[in-house]
Amino acid sequence: MNNNINIFFSSLSNFIIKTLRGFFRCLHESKIIAAFFYGFISFIVYIFLLVQISGDSDYNFILENKRINDATKLNSIYVNKIINPTTLKEISTAITNSTGPISIGGAKYSMGGQTAFENSLHIDMRSYKKIINLNTSKKEVTVQPGLTWRELQNVIDPHNLSVKIMQTYANFSIGGSISVNAHGRYVGHGPIISSVISMKVVLSSGEIIEVSRIKNQDIFNAVVGGYGGIGVIVEVTLQLVDNVKVERQVNTIKI
């Protein structure tokens with residue numbers, strides 16, 4: 001059996017060799033045909049090498065996903081560019097160099113299409129979340145707005161301090177809560193803005209200004225609930241309180 005297979009492949013090899021010899025013998029009998037053939041082969045080799053060495057070696061064949069959505073996953077929006085800044089300079093430079101619309105996103109719990117704008121420069125603030133300063137004696141903390149309330153609680157709780165006012169859920173970003181003018185749920189303290197002492201905001205010109213109830217009050221009022229329309233909040237100083245227990249009391253009364 002093996003001997004027959006060897007004979008078959010030997011015969012096939014001899015046939016292929018004889019055929020190729022005959023082909024090249026006929027080819028070289030005509031210089032014009034030979035020149036055309038070798039020219040064609042050279043052209044194919046040239047194209048192959050050109051494809052291999054041309055183009056950008058860093059080209060990414062996977063297109064960037066530029067769709068932004070909020071927590072509901074019902075408001076998908078295609079933006080032009082997404083940045084994840086970690087420094088104030090990155091934010092200021094991006095705003096200054098942008099000629100189109102700009103949108104800002106945090107934890108993306110603002111539901112209804114406010115998170116992004118079509119074909120905009122989208123500034124994703126989730127990586128911009130440092131604790132800048134914690135003053136335990138004044139019970140004040142200055143943070144970057146991408147920080148969530150839960151992350152802030154983890155830092156201040158060991159100091160027996162608590163956020164003064166917060167909405168129901170702790171996974172919202174602090175900047176986002178201020179931008180949508182979120183309500184508060186703590187008895188006697190009103191909305192979240194009542195605990196905001198001051199903020200720093202980057203305007204459309206790239207200028208960084210400080211706003212409060214005393215300084216640039218009109219911009220302070222416009223930023224609260226402004227959904228990023230006035231500028232980008234880049235720093236927030238909050239009033240803290242002592243971390244005390246709250247007891248719920250329920251009284252049954254007649255209708």
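Conventions adopted
- Residues numbered from 1 in each chain as written.
- Predicted model: local features only at pLDDT ≥ 70, side-chain atom pairs only at ≥ 80, totals over all residues.
- Heavy atoms only, no water.
- Helix = DSSP H or I, 4+ residues; strand = E, 2+ residues; numbered from the N terminus.
- Rg over C-alpha atoms; globule rule 2.2 N^0.38 Å.
- Buried < 20%, exposed > 50% of the residue type's maximum accessible area, 1.4 Å probe, protein only.
- Arc of directions from axis to C-beta.
- Contact = heavy atoms within 4.5 Å.
- Phe/Tyr/Trp six-rings, centres within 6.5 Å; stacked < 30°, edge-to-face > 60°.
- pLDDT = per-residue confidence, 0-100.
- Pairing = 2+ DSSP bridges.
- Axes fitted to C-alpha atoms, helices over the stretch in contact; angles between N-to-C directions.
- Polar contact = N/O pair within 3.5 Å; in protein donor to acceptor, adjacent residues only side chain to side chain.

1. Focus: the overall build of the protein
- In terms of regular secondary structure, the protein is built from 6 helices and 11 strands.
- Relative to its length of 255 residues, the protein is extended, with a C-alpha radius of gyration of 34 Å against a globular reference of 18 Å.
- If one aligns the C-alpha atoms of the protein with their principal axes, the spans along those axes are about 110 × 55 × 40 Å.
- Counting only residues that meet the buried cut, the protein has 32% of its 255 residues in that class.

2. Here's the deal with helix α3 (residues 88-97)
- Among the residues making up α3, those that are buried are I91, S92, A94 and I95. Taken end-on, α3 shows its buried residues confined to a sector of 165°, consistent with a single buried face. Turned more than 90 degrees from where α3 packs its buried face, K89 and N97 sit exposed.
- The elements touched by buried residues of α3 are β3 (81-83), β4 (102-105), β5 (121-124), β9 (196-202) and β11 (232-242).

3. A look at the environment of I253
- Its place among the elements puts I253 in the segment after β11.
- A relative accessible area of 71% means that I253 is categorised as exposed.

4. Things to note about the packing of aromatic side chains
- Counted under the stated rule, the structure contains 2 aromatic pairs.
- Where Y109 meets F172, the ring centres are 5.1 Å apart and the plane angle is 25°; that geometry is what we call stacked. Of this pair, Y109 sits in the loop between β4 and β5 while F172 sits in the loop between β8 (161-163) and α5 (174-179), and the two are 63 residues apart along the sequence.
- Judged by relative accessible area, Y109 falls into the partly exposed class, the value being 34%.
- Connected via pairs of aromatic rings, a cluster forms that spans Y109, Y169 and F172.

5. Quick notes on the confidence of the model for the protein
- Here the protein shows a mean pLDDT of 87. Residues at 70 or above account for 91%.
- The spread of mean pLDDT over the elements of the protein runs between helix α1 (residues 2-29), the lowest at 71, and strand β7 (residues 140-143), the highest at 98.

6. Points about the environment of I174
- With respect to the helices and strands, I174 occurs in helix α5.
- Among residues more than four places away in sequence, those in contact with I174 are V143, P145, L147, T148, W149, L152, V236 and L238.

7. Description of the pairing of β9
- The element β9 is extensively covered by neighbouring structure, given that 5 of its 7 residues are classed as buried.
- As paired elements, β9 and β11 share 6 bridges and run antiparallel to each other. Bridge assignment links S198 to a residue of β11, and that residue is T237.
- As defined by bridge partners, β9 adjoins strand β10 (residues 208-212) across 5 bridges and the pair is classed as antiparallel. When the bridges of β10 are listed, V201 appears paired with I209.
- Linkage of β9 to β10, two consecutive antiparallel strands, is achieved through a turn of 5 residues, within which G206 is found at a positive phi near 95°.

8. Describing the pairing of strand β6 (residues 131-135)
- The sheet contact formed by β6 and β7 spans 4 bridges and is antiparallel. Looking at the pairing, N135 lines up with E140 of β7.
- Two successive antiparallel strands, β6 and β7, enclose a turn made up of 4 residues, where K139 displays a positive phi of approximately 55°.

9. Focus: the sheet that holds β4
- With parallel pairing, the 3 strands of this open sheet are ordered in space as β3-β5-β4. At either margin of the open sheet sits one strand with a lone partner, and together these are β3 and β4. Each adjacent strand pair in this sheet contributes to an overall mean axis angle of 20°, direction not counted.
- In this structure, β3 lies alongside β5, joined through 3 bridges in parallel fashion. The partner of I82 across the bridge, within β5, is H122.

10. Here we look at the side chain of N69
- Within the secondary structure, N69 is located in the loop between β1 (67-68) and β2 (77-78).
- Within polar-contact distance, the side chain of N69 engages the backbone nitrogen of L74 at 3.4 Å.

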